Amino acid sequence: MHFGSTFPAESVGSCGLEFESHFTNTFMDNTSIDKGGFTLPGEAGYEALTLRLAETWGADVIRDSDGTQLSDEIIESPYDIYSTLCLVRADNEWAKANPSKLQQCCMMSQPVFADGPTVTIELLKGYFDQQFVINFDDDPKQWWQVFDRTSGAEVPTGQWSFDREAGTVSISHATPWHQYTVNFFCYRIWEEISMYNHVTNDWGDKEHLMPIDPIHPEAREQILDYLEKWLNAHPHTKVVRLTSMFYNFWWFWGDGKHQRFLVNDWGSYEFSVSTEAIRQFEVIKGYRPSSEDFINAGLYNNSYKVPTPFYQDWIDFINAFVVDFGSECIARIHAHGKQAFVFYNDHWIGVEPFGKRFKDFGFDGIIDGIFNGFEARKVAETPDVQVREIRMHPYLFPTGVNGAPSFLPGGNPTLECKTYWIDIRRALLRKPVDRIGFGGYLHLVENHPDFIEAITQLGKEFRQLRNLAKTEAPWESGINVAILTAWGQLRAWACRGHFNRGNYYNEAMESLSGLPVETTFLSFDDILTNGIPEGIDVILNAGIVDDAWSGGYHWRNARIVEAISEFVWQGGALLGIGEPSAQRFSTQYFQLRHLLGVDREVGLTQAFERLPFEIHGEHAITQGIELQQRQGKTIDQLYITDTQTRVLAADGRSPLIATRETGQGRSAYFAGFHYDAIDTRLLMQTLYWLTGRDAQAQPWTCDNAHTECAWYPGQRKLVVVNNSASSQQTQVFTDSETLKLQLEPYACKILDH
């Protein structure tokens, strides 16, 4: 219980989307809340609008975007200039003249069913023919592979032939009723981000930009030559905003008849694969991968797949190359007295800001286009840069990246932005960034005065929160949560792209991004090499069987099970979500069932009777939470493994929430998790219970799950936010008092306390 005085809501100041005018133009350390820390997209032909909104939104920087230019009037204005540059698509004339130096990828044809002894496969059937051209320059008999996917056997090269003109492979001596595929190499003839922007904005006959591959010495020489000329031609540019570096994330487009996109994986290295890269890999690593090492029977090396030792070698190889050549480009930029910022998106492959080589680039800043909290944390915690900036959404395109009709009839860009902002803001309360901004076509906002006003207030709110964080970090609970995945720190605060609903790891990570806890990203290799780090309180493992987030084959290693079991026995804590430690191995499914107290029936042991259980309705984890309002999918067919397990919620005979104590430690299990106010509150209360604390007696918490707070003790400032689109009443429990507040939708209030 909390006792103490209650403050009326009228006595507190307000900031943000309900910003009150009584604040002065300076705040805290005399840093303006009306200007600065804001990057505005400018647009030639709309100079008056650009300069007016720069003043209204408090911009200190104006940038160009893909598809826009800055006029002399804008460039010569008193604002700093960011100039966007994508080095691999900058010189299209050179790309067209050197088609063998284009970027490539390794692809698998669509499976074809054999109804006789011969079968012909059209290689690019189902793919977008404006994205790819088949690579016949490198001998297909040396580089391609044909597989009988029904038996899993490779078809000998003597039993298949290729037709350059038709773009086909014909197989002889095929086994009827089996399926066949071809692994082949293609040149990519339309750079994917430009392609997306072209199609989205209906650029018509505008020339298709082609991506060149710096793996070739000739391409590297061309890039450096172009960069030098470009730098000389942009004397007003202060920051070269590199649209990442050289290799885009994996993005196969379909033929459009049935699917526009076939796969989109922000975390996969598939677009760094080429015949020349494989040759160089063999020299450096001492072995040559086959096409099937990349294709994996059609799974490729997607982000959900546990990375194999080979794939880890490939990532290391590409990372070393990108850093080596990237640092050479950045040195050129610095030599011209300009700063180099990387846009951590698009061509980010090989950049790895949490990797061991990132510092060697020499970047001055990082920018990322984000939608939510975990992406904000990814930027905020990037090491070895001086400036951390987030590009907000909706992007100023007619259609948003998520498909919403943002600035088209029926769109609501103001609501979009507010919806994203409340998730971003809760993360920024824990770890701040230096700047925010937008990109795209500025003229699209002209007919949206509500959007203009909302961004004006949002900018002021951001500056206030940034200024608080500049002075000190907010209060934290002291709990350190280690998120255990196959990727570990290499993919800290990342998944396969933006927020992926239904991915238990992604959902839980988003909730964690705004909680007052420390986070560590831990890999299985880390545990095998160094054990579980000192200072970790809770290990969180979330995912489904065989995926990279749960851990897949790593759970077959007894040393992993031993290390975590000892950790819990000696007083540590474990939280499992979905199918933690799942592996079809031994006599159990969850390899940590002895700690979690639950396991899953997968069909082979249904003859075994399962222990009955009762629901323990009162528990610190679930106190005050309306469990019937929880959303999202859950794992089913669960059962308890012993009588020490306490079930707090269930769906029939299948537990939904369970706890268990082992030795001096504690474990908890959730059958599912959905990022929202309810599950975020459930997660925080679980972390308190797991670490032996009373969740109901913790200071600097709110009784209303739709609200959260951050306390800055040195400044005696309390920030309270409403993470919902409706008005909320909340009580804030401090270390001595209870404060009652009324918060308008999306509101942020700052109290002197």
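This one's a predicted model, so the numbers in the text were calculated from it and none came from an experiment.

Another aspect to go through is the overall build of the protein chain. Within the protein chain, the secondary structure is distributed over 17 helices and 39 strands. Here the protein chain has a C-alpha radius of gyration of 27 Å; the compact-globule value for 753 residues is 27 Å, and the two agree. Dimensions of the protein chain along its principal axes, counting C-alpha atoms only, are 85 × 80 × 45 Å. Expressed as a percentage of its 753 residues, the buried residues of the protein chain come to 61%. In the protein chain, of all internal contacts separated by at least 6 residues, the share reaching a separation of at least 24 is 73%.

Here we take up the sheet that holds strand β37 (residues 728-733). The 3 strands are arranged β34-β37-β38 in an open sheet whose pairing can be described as antiparallel. Here the strands that pair on one side only, and so sit at the sheet edges, are β34 (701-702) and β38 (738-743). Pairing of β34 with β37, which is carried by 2 bridges, proceeds in the antiparallel orientation. In the sheet register, Thr701 faces β37, and the bridge partner there is Phe733.

As a rule of thumb, soluble globular proteins bury nonpolar side chains together. One finds Met107, Trp144, Ile171 and Trp314 to be the most contacted residues of the largest nonpolar core, which totals 210 residues. Among the elements that take part in this core, helix α9 (residues 309-335) stands out by supplying 13 residues, more than any other. Residues Cys702, Leu718, Val720 and Ala747 belong to the second largest nonpolar core, which totals 12 residues.

Further remarks concern the packing of aromatic side chains. Evaluation of the coordinates by the stated rule reveals 60 aromatic pairs. Plain terms: the ring middles of Trp493 and Phe521 are 5.1 Å apart, the flat faces sit at 70° to each other, and that makes the pair edge-to-face. Pair noted here: Trp493 is in the loop between β23 (480-485) and α13 (504-512) and Phe521 is in strand β24 (residues 518-523), with a separation of 28 residues, a long-range link. Residue Trp493 is classed as buried on the basis of its relative accessible area of 1%. Judged by its relative accessible area of 5%, Phe521 falls in the buried class.

Turning our attention to α13. Where burial is concerned, most of α13 is hidden: 9 out of the 9 residues are buried. When α13 is considered as a whole, its buried residues turn out to be Tyr504, Tyr505, Asn506, Glu507, Ala508, Met509, Glu510, Ser511 and Leu512. The N-capping residue of α13, defined by a side-chain oxygen 3.0 Å from the backbone nitrogen of Tyr505, is Asn503.

As a further point, take the pairing of strand β35 (residues 707-712). On a regular strand, each side chain points to the face opposite its neighbour's, so the side chains alternate between the two faces of the sheet. Counting buried positions over the 6 residues of β35 gives 6, a clear majority of the element. Going residue by residue along β35, you find Thr707, Cys709 and Trp711 tucked away on one face and Glu708, Ala710 and Tyr712 tucked away on the opposite face as well. Here 6 bridges tie β35 to strand β36 (residues 717-722), and the two strands are oriented antiparallel to one another. Along β36, the bridge assignment pairs Trp711 with Leu718. Hairpin connection between β35 and β36: a loop of 4 residues separates the two successive antiparallel strands, and Arg716 in this loop has a positive phi of roughly 55°.

Moving on, we come to the confidence of the model for the protein chain. Detailed conclusions should not be drawn from predicted coordinates in areas where pLDDT is low. Looking at the protein chain as a whole, its pLDDT mean stands at 93, while 96% of the residues score no less than 70. Here residues 1-30 is modelled with pLDDT under 50, and outside its nearest four sequence neighbours on either side it reaches 78 contacts, counting other chains as well.

This part takes up the sheet that holds strand β14 (residues 168-171). Reading across the sheet, the 3 strands line up as β9-β14-β13 and stay open at both edges, with antiparallel pairing between neighbours. In the strand order of this sheet, the two ends are held by β9 (119-122) and β13 (160-163), each with one partner. Across the sheet, the mean angle from the axis of one strand to that of its neighbour is 20°, orientation sign disregarded. Pairing analysis gives 4 bridges linking β9 to β14, with the strands arranged antiparallel. For Val119, the partnering residue across the bridge sits in β14 and is Ile171.

Moving on, we come to the pattern of salt bridges. By the definition in use, this model includes 33 salt bridges. Look at the salt bridges and you will find they share partners, linking Lys285, Asp316, Lys356 and Arg357 into a network.

Once that is clear, we can look at unusual backbone geometry. A cis amide bond links His393 with the next residue in sequence, Pro394, at an omega value of 10°. Looking at the secondary structure, you find Pro394 in the loop between β21 (387-391) and α11 (413-428). A positive phi angle, close to 60°, is found at Ala297, a residue other than glycine. Looking at the secondary structure, you find Ala297 in the loop between α8 (291-295) and α9. The backbone phi angle of Ser581 is positive, close to 55°, even though this residue is not glycine. Note that Ser581 resides in the loop between β26 (573-578) and β27 (582-585).

Moving on, we come to the side chain of Glu292. Tracing the backbone shows Glu292 in helix α8. Taking the relative accessible area as the measure of exposure, Glu292 reaches 17% and is therefore buried. Apart from the residues within four sequence positions on either side, Glu292 is in contact with Gln145, Phe147, Arg149, Asn183 and Ala297.

Quick look at the packing of helix α6 (residues 217-233) against α9 now. For the pair α6 and α9, the least separation of the axes is 10 Å and the interaxial angle reads 25°. Comparing the axis directions of α6 and α9 gives the class roughly parallel. For the pair α6 and α9, the sense of crossing is right-handed. In this structure, α6 uses Arg220, Ile223, Leu224, Leu227, Glu228 and Leu231 to contact α9, whose residues at the interface are Phe321, Phe325, Glu328, Cys329, Arg332 and Ile333.

Our focus in this paragraph is the packing of α13 against helix α17 (residues 677-690). Running from N to C, α13 and α17 point in directions that differ by 75°, and their axes come no closer than 9 Å. When the axes of α13 and α17 are compared, the pair comes out roughly perpendicular. Note on element contacts: α17 touches α13 through Thr680, Leu683 and Leu687, opposite Ala508, Ser511 and Leu512. Along the lines of polarity and charge, the residues of the contact of α13 with α17 split into 4 nonpolar, 2 polar and no charged.

About the cut-offs
- Residues numbered from 1 in each chain as written.
- Predicted model: local features only at pLDDT ≥ 70, side-chain atom pairs only at ≥ 80, totals over all residues.
- Heavy atoms only, no water.
- Helix = DSSP H or I, 4+ residues; strand = E, 2+ residues; numbered from the N terminus.
- Rg over C-alpha atoms; globule rule 2.2 N^0.38 Å.
- Buried < 20%, exposed > 50% of the residue type's maximum accessible area, 1.4 Å probe, protein only.
- Contact = heavy atoms within 4.5 Å.
- Pairing = 2+ DSSP bridges.
- Core = buried A, V, L, I, M, F, W, Y, C linked by side-chain atoms within 4.5 Å.
- Phe/Tyr/Trp six-rings, centres within 6.5 Å; stacked < 30°, edge-to-face > 60°.
- Polar contact = N/O pair within 3.5 Å; in protein donor to acceptor, adjacent residues only side chain to side chain.
- pLDDT = per-residue confidence, 0-100.
- Axes fitted to C-alpha atoms, helices over the stretch in contact; angles between N-to-C directions.
- Salt bridge = Lys/Arg side-chain N within 4 Å of Asp/Glu carboxyl O.
- Parallel < 35°, antiparallel > 145°, perpendicular 65-115°, else oblique.
- Left-handed = near helix turned anticlockwise from the far one by under 90°.
- Nonpolar A, V, L, I, M, F, W, Y, C, P; charged D, E, K, R; others polar.

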